[in-house]
Amino acid sequence: QKEVEQNSGPLSVPEGAIASLNCTYSDRGSQSFFWYRQYSGKSPELIMFIYSNGDKEDGRFTAQLNKASQYVSLLIRDSQPSDSATYLCAVFLGAGGGSGAGSYQLTFGKGTKLSVIP
Amino acid sequence: SAVISQKPSRDICQRGTSLTIQCQVDSQVTMMFWYRQQPGQSLTLIATANQGSEATYESGFVIDKFPISRPNLTFSTLTVSNMSPEDSSIYLCSVEASYPTQETQYFGPGTRLLVL
């Protein structure tokens, strides 16, 4: 069973601080990694994508990937109250790698709820 | 990214009835996905819908309960049949995208279903 694990939180950080969200995955063959943000009552919104080891920065967001440790993280610098949401980690196992026959399935973690305190 | 719409946005249904949810995309896509998100939970994939072939269902989901249609490259429907209160959930469609990668998925706004 392919698994993606996240700490459910809630993770509380003060405004202006760095929020660190972590995700581990079980399948070493995983190829691509996504972070989605989901506000309460809304659908998931893609915010970051990474497939190479190392860091990838986009504005206040940095995704970090360590395939040897099977670990991907999302850092949010200068956290704002508007960043308060649930963050979902998603992993692509590779074409045909899903549990069903769909070749482009993403496996989602349960999400980490982030609360940024003003 | 693709613009995705879903109808209805929410509904309250009686036990034993069926509801058909529509998903419309503003561009042609090969793969569409249907998810369920129960309260406080993450996303569970119900099935993958490819145009021109039968949907592929995940373990625990069957065609009799969740029939899916995919008549063309911009549209799909999911029916929740013979509903029970346990079917109360958010139902989301998503589509594959070519950016940043082919396996990227973008989500519709969701359908919030309450079964009484």
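Everything that follows concerns the structure shown earlier in this document.
What you see is a predicted model, and the numbers here were worked out from it, not measured in a lab. (Residues numbered from 1 in each chain as written. Chains lettered and ligands numbered in written order. Predicted model: local features only at pLDDT ≥ 70, side-chain atom pairs only at ≥ 80, totals over all residues. Heavy atoms only, no water.)

Undergrad: Would you explain empty space enclosed by the protein in this entry?
TA: A water-sized probe, rolled over the atoms, reveals where empty space remains. Residues and elements named next belong to chain A. This model, assessed by the stated rule, comprises one cavity of 30 Å³ or more. Here the largest cavity defines a volume of roughly 30 Å³. K2, E3, V4, Y25, S26, D27, S30, V91, L93 and T107 are the residues that line the largest cavity. In the lining of the largest cavity, the residues fall into four nonpolar, three polar and three charged. (1 Å grid on protein atoms, 1.4 Å probe; cavity = no way out; pocket = protein on both sides within 12 Å on 5 of 7 lines; lining within 4 Å. Points joined across faces, edges and corners; volume = space filled by probe spheres on them. Nonpolar A, V, L, I, M, F, W, Y, C, P; charged D, E, K, R; others polar.)

Undergrad: Even after reading the chapter, I still don't get the sheet that holds strand β8 (residues 75–80) of chain B, so can you show me in this structure?
TA: Strands pair in a sheet through their backbones, by hydrogen bonds, and they do so in one of two ways: parallel or antiparallel. Residue and element names in this part refer to chain B. Pairing in this open sheet of four strands is antiparallel, and the strands run β1-β3-β8-β7 from one edge to the other. If you trace the sheet from one side to the other, it starts and ends with β1 (4–7) and β7 (68–72), each paired once. Geometrically, the sheet is characterised by an average inter-axis angle of 15 degrees between neighbouring strands, direction not taken into account. Where β1 and strand β3 (residues 19–25) come together, four bridges link them in antiparallel fashion. Considered in β3, the bridge of K7 is made with Q22. (Pairing = 2+ DSSP bridges. Helix = DSSP H or I, 4+ residues; strand = E, 2+ residues; numbered from the N terminus. Axes fitted to C-alpha atoms, helices over the stretch in contact; angles between N-to-C directions.)

Undergrad: Is there a simple way to explain the nonpolar core in this structure?
TA: Side chains of nonpolar character tend, in soluble globular proteins, to be buried together. Formed by 44 residues in total, the largest nonpolar core has its most connected members in Y36 and F108 of chain A together with Y35 of chain B. Among the nonpolar cores identified, the runner-up in size contains 24 residues, and I47, L74, Y87 and C89 of chain A belong to it. (Core = buried A, V, L, I, M, F, W, Y, C linked by side-chain atoms within 4.5 Å. Buried < 20%, exposed > 50% of the residue type's maximum accessible area, 1.4 Å probe, protein only.)

Undergrad: For this particular structure, what's the right way to read the sheet that holds strand β8 (residues 71–76) of chain A?
TA: Residue and element names in this part refer to chain A. Within the open sheet, the five strands sit side by side as β1-β3-β8-β7-β6. Their pairing is antiparallel. Both edges of this open sheet fall to β1 (4–6) and β6 (54–58), since each of them pairs with a single strand only. Each adjacent strand pair in this sheet contributes to an overall mean axis angle of 20 degrees, direction not counted. Here five bridges tie β6 to strand β7 (residues 61–66), and the two strands are oriented antiparallel to one another. Residue pairing for β7: D55 is matched across the bridge by Q64.

Undergrad: Honestly, the interface of chain B and chain A in this entry has me stumped. Any pointers?
TA: Bring the parts together and some accessible area is lost; that lost area is often taken as the interface size. Taken together, the contact between chain B and chain A spans 23 residues of the former and 23 residues of the latter. Roughly 1,800 Å² is buried in total at the junction of chain B and chain A, and carbon and sulfur atoms are behind 59% of that figure. The largest contributions to the chain B side of the interface with chain A come from S42, E103 and F107 of chain B, which together make up 28% of the buried area. If you look at where chain B meets chain A, you find zero salt bridges. One can count five residue pairs in polar contact (both at pLDDT 80 or more) joining chain B with chain A. Put simply, the parts of the chain that give the side of chain B that touches chain A at least two residues each are β4 (31–37), β5 (44–50) and β10 (105–107) of chain B. Here the element with the most residues in the side of chain B that touches chain A is β4 of chain B; it accounts for four residues. Residues that form the side of chain B that touches chain A fall into these classes: 10 nonpolar, 10 polar and three charged. (Contact = heavy atoms within 4.5 Å. Buried area = accessible area lost by both parts, 1.4 Å probe. Salt bridge = Lys/Arg side-chain N within 4 Å of Asp/Glu carboxyl O. Polar contact = N/O pair within 3.5 Å; in protein donor to acceptor, adjacent residues only side chain to side chain.)

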